[in-house]
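# Working through the structure, step by step
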Amino acid sequence: MDNVKPLPLINGDNEQFWKGCARHELRFQKCRRCGFVRWPPSFLCPECHYTDAEMIRASGRGRVYSFVVYHMAYHQGFTDDLPYVVALVELAEGPRFLSNIVGCEPDDVACDMPVEVVWDDIGEWSLPKFRLLP
Amino acid sequence: MKPSNGCAVVGVGYTSQGRVPGRTMLSFHVEAAAQAIADAGLTGKDIDGLICYRHFPAATGEPDVTPYLVAEHLGISPTYLSQEANCARSHLLHAIAALEAGECNYVVISYGHNALSSDSILKLLYQKGSEEMVFGHFGATADYALAARRAMHLFGTGPETWKHIAVGQRKWANLNPRAMHHGRPMTFDDYFNSRLVVEPFRLFDNCLITDGGRACVVTTVERARDLPHRPVRIMGFGHHHPSSGVQRARHLAGPTGAKRAGERALRMAGVALSDIDACEIYDCFTYTVEITLQDLGFFGPGEGADWFAGGRIEPGGAMPVNTSGGLLSESYQMGLTPVTEAVMQLMGRCGDRQMGPATRTKEPEVILCTDNGGTLQSCACYVFGRE
Ligand SMILES: [Zn+2]
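Below, the structure is looked at part by part. Just so you know, these numbers come straight off a predicted model, no measurement behind them.

Glancing now at the overall build of chain A. Helix and strand content of chain A: 1 helix and 8 strands. The order of helices and strands in chain A, counted from the N terminus, is α-β-β-β-β-β-β-β-β. Its C-alpha atoms give chain A a radius of gyration of 16 Å, near enough to 14 Å, the size a compact globule of 134 residues would have. In terms of its C-alpha atoms, chain A occupies a principal-axis envelope of roughly 45 × 35 × 25 Å. Across the 134 residues in chain A, those meeting the buried criterion constitute 47%. Long-range contacts, defined here as pairs at least 24 residues apart, represent 53% of the contacts in chain A between residues at least 6 apart. Only carbon and sulfur atoms are counted for the fraction: they give 47% of the accessible area of chain A, which is about 6,600 Å².

Turning our eyes to something else, we now look at the overall build of chain B. A tally of helices and strands in chain B yields 14 helices and 11 strands. Over its C-alpha atoms chain B spans a radius of gyration of 19 Å, differing by no more than 12% from the 21 Å that the globule rule assigns to 387 residues. Summarising its shape, the C-alpha atoms of chain B cover approximately 55 × 50 × 40 Å along the three principal directions. The 387 residues of chain B split such that 65% are buried. In chain B, 77% of the contacts between residues at least 6 apart in sequence involve partners at least 24 apart. Of the roughly 13,000 Å² of accessible surface on chain B, a fraction of 50% belongs to carbon and sulfur atoms.

A few words now on unusual backbone geometry. Residues and elements named next belong to chain A. Across the junction of Trp 39 and Pro 40, the peptide omega takes the value 0°, indicating a cis bond. On the secondary structure map, Pro 40 appears in the loop between strand E2 (37-38) and strand E3 (53-57). Along the chain, Leu 82 connects to Pro 83 via a cis peptide bond; the corresponding omega equals -15°. Mapped onto the elements, Pro 83 comes out in the loop between strand E4 (61-70) and strand E5 (84-91).

Moving on: the sheet that holds strand E1 (residues 27-31) of chain A. Residues and elements named next belong to chain A. Read across the open sheet, the 3 strands follow the order E2-E1-E3; overall the sheet is antiparallel. Lying at the two open borders of the sheet, with one neighbouring strand each, are E2 and E3. As defined by bridge partners, E1 adjoins E2 across 2 bridges and the pair is classed as antiparallel. Looking across to E2, one finds that Lys 30 is bridged to Val 37. The strands that helix H1 (residues 15-22) touches are E1 and E3; relative to E1, the one it contacts most, it runs at about 140°.

Counting residues at the interface gives 39 residues for chain A and 30 residues for chain B. A combined buried area of about 3,300 Å² lies between chain A and chain B, and 59% of that area is made up of carbon and sulfur atoms. For chain A, the biggest contributors to the area lost against chain B are Tyr 74, Arg 96 and Leu 98 of chain A; these three give 21% of the whole. Counting across the interface, chain A meets chain B through 1 salt bridge. Note that Arg 150 of chain B and Asp 112 of chain A form a salt bridge whose closest N and O atoms lie 3.1 Å from each other.

This part is about the coordination of the zinc ion. Residue and element names in this part refer to chain A. In this structure, Cys 31 (SG), Cys 34 (SG), Cys 45 (SG) and Cys 48 (SG) serve as the protein donors to the zinc ion, at separations of 2.3 to 2.4 Å. Coordination at the zinc ion is tetrahedral: its 4 donor atoms span angles of 99 to 118° at the metal. Taking relative accessible area as the criterion, Cys 45 reaches 0% and is therefore assigned buried.

With that out of the way, let us pick up the sheet that holds strand E10 (residues 366-373) of chain B. Residue and element names in this part refer to chain B. Overall, mixed pairing links the 9 strands, which are arranged E3-E2-E4-E7-E1-E8-E11-E10-E9 in an open sheet. Where the open sheet ends on each side, the last strands, each with one partner, are strand E3 (80-83) and strand E9 (278-280). Going across the sheet, the axis of each strand differs from the next one's by a mean of 25°, ignoring polarity. Pairing of E10 with strand E11 (residues 378-386) involves 8 bridges; the strand directions are antiparallel. Its bridge partner being in E11, Gly 373 is matched across the sheet by Ser 378. Those strands touched by helix H1 (residues 25-39) are strand E1 (7-14), strand E2 (49-52), strand E4 (106-114) and strand E7 (211-220), and its axis lies near 145° from that of E4.

All names here are of chain B. Running from amino to carboxyl end, H1 crosses helix H2 (residues 67-74) at an angle of 55°, the nearest separation of the two axes being 10 Å. When the axes of H1 and H2 are compared, the pair comes out oblique. The chirality of how H1 crosses H2 is right-handed. On the side of H1, the interface is formed by Leu 26, His 29, Val 30, Ala 33 and Ala 34, while H2 contributes Leu 69, Val 70, His 73 and Leu 74. Along the lines of polarity and charge, the residues of the contact of H1 with H2 split into 7 nonpolar, 2 polar and no charged.

For the rest of this paragraph, the subject is the side chain of His 137 of chain B. Along the polypeptide, His 137 of chain B turns up in the loop between helix H5 (130-133) and helix H6 (139-155). Among the polar contacts listed, one links the side chain of His 137 of chain B to the side chain of Tyr 70 of chain A, at a separation of 2.9 Å.

Residues and elements named next belong to chain B. Within E7, 10 of the 10 residues are buried, which leaves it mostly tucked inside the rest of the structure. Two strands pair when backbone bridges link them, and E1 and E7 are joined in this way by 7 bridges, in the antiparallel orientation. The partner of Gly 11 across the bridge, within E7, is Val 217. Relative to E7, E4 runs antiparallel, the two being bridged by 9 bridges. Note that in E7 the partner of Tyr 111 across the bridge is Arg 214.

All names here are of chain B. Scanning the model with the defined rule gives 30 aromatic pairs over all chains in all. Ring centres of Phe 56 and Tyr 111 lie 6.4 Å apart, and the angle between their planes is 70°; this geometry places the pair in the edge-to-face category. Taken together, the residues Phe 56 in the loop between E2 and H2 and Tyr 111 in strand E4 connect sequence positions 55 residues apart. Each member of the pair, Phe 56 as well as Tyr 111, carries the same accessibility label: buried. Both rings, one in Tyr 191 and one in Phe 192, keep their centres 5.1 Å apart while their planes meet at 80°; by these two values the pair is edge-to-face. Relative accessible area serves as the criterion here: at 0%, Tyr 191 is assigned to the buried category. According to the relative accessible area criterion, Phe 192 is partly exposed, its value standing at 26%.

Definitions and limits used
- Residues numbered from 1 in each chain as written.
- Chains lettered and ligands numbered in written order.
- Predicted model: local features only at pLDDT ≥ 70, side-chain atom pairs only at ≥ 80, totals over all residues.
- Heavy atoms only, no water.
- Helix = DSSP H or I, 4+ residues; strand = E, 2+ residues; numbered from the N terminus.
- Rg over C-alpha atoms; globule rule 2.2 N^0.38 Å.
- Buried < 20%, exposed > 50% of the residue type's maximum accessible area, 1.4 Å probe, protein only.
- Contact = heavy atoms within 4.5 Å.
- Areas by Shrake-Rupley, 256 points an atom, 1.4 Å probe, with all protein chains shown as cover.
- Pairing = 2+ DSSP bridges.
- Axes fitted to C-alpha atoms, helices over the stretch in contact; angles between N-to-C directions.
- Buried area = accessible area lost by both parts, 1.4 Å probe.
- Salt bridge = Lys/Arg side-chain N within 4 Å of Asp/Glu carboxyl O.
- Donors = N, O, S within 2.8 Å, 3.2 Å for Na, K, Ca; no water.
- Tetrahedral: all angles 85-135°; square planar, octahedral: opposite > 155°, others 65-115°.
- Parallel < 35°, antiparallel > 145°, perpendicular 65-115°, else oblique.
- Left-handed = near helix turned anticlockwise from the far one by under 90°.
- Nonpolar A, V, L, I, M, F, W, Y, C, P; charged D, E, K, R; others polar.
- Polar contact = N/O pair within 3.5 Å; in protein donor to acceptor, adjacent residues only side chain to side chain.
- Phe/Tyr/Trp six-rings, centres within 6.5 Å; stacked < 30°, edge-to-face > 60°.

So, in structure tokens, the structure goes:
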């Protein structure tokens, strides 16, 4: 099995998001009719089915909605990271985004803790990850 | 919603299960279906409906298990043929609809997988969207662990509750010679000593991975009367598909689909929770059993630890749960693990684990059953009764 970590695969729905990340901007679709900010990206608003959306730049701040600690690697690319934290981060703008909590011990993480985005640059890609705020 | 319906399960098909190398996914589907047809006292010529469980990624060198292939290998040409494309669980509803519409007389529902001995599960793992894989997130264990962690935070559940589910179901498996964990008792210490996989889940919070298959035959109650086994009537059913995956989901710590699905099934069956003699709950993880029973209304949020304590769900307990050992300790046959066990208990064919005097439990008249797909994205609830 490959020990290189997987990278994002671009499609028609997520392209704008990952292009924003390359500029260290966390950008989400916001419905131009009802204002719902959505993630994962989608063609239309799941609240009102309006297709027109603007890309808003999120503050990058949020809280830990939930988190897990991987003690086993399902892919060799993550073996050296064990144990690592995957979390659902609820952003101030509303959507929940699945990412990692980095820069701390897994035992330091708890639900509802405040976090902010930090950027993990890998070649031409930047992955939005999060660190605990004091 | 109709007050009741006139369909019954009349046969169950088992295969070798556990680690069974050298077998294709297709072979388990076909063997289970053929066993179920024979168990119902029928032949392939009688079968005019076939519904297959989810189409898993084919193992290397094997064909995709489409319902065409299963029908071809069974030598049948049904009037109704279907398969869930993903994980939603509405198979019995499809069977009932085909029977009540007069489209079919005898419908087979089948599942099979060489999950333990092939690379199919690995392929499934890497089907996850790239947005999640780049963060090292793979598979159902971690998705359910995210749900369970939020539940721990919201209503104080956790391993002290889940240990009762893992150990209680293991006691049932120890009475079931077919169970993968037959002959392997589990104590609370064993539970806590099992390795952490994706915290908060330990190994023993996870269901088994199984080579094997399972099937059942559904027909009308009228036709069922001419067949060898005591028919098991489908008294009521209800479904709810919250649908959203973990990022958009708002149901991870409940209420899950089990709430609406359960209410609808009980109402259709015309029974209350107090009429239920046992539950066969889809138990991909220990937490799934807790949140499902909680959402069905057996106890309030966070009261699970007390409800499960004292062996309530075990042999000798007041509310037996997952009496085959379930997905955690018997085998993983998707929703057919709970469904076939409910049917076998109501038919009175469960041997050492049979509810009644042998296990110091009630004689079962009414059993509630759930099936669950995705990360709590689908729930199907069925109430089965002795005809
Ligand atoms: Zn909208």
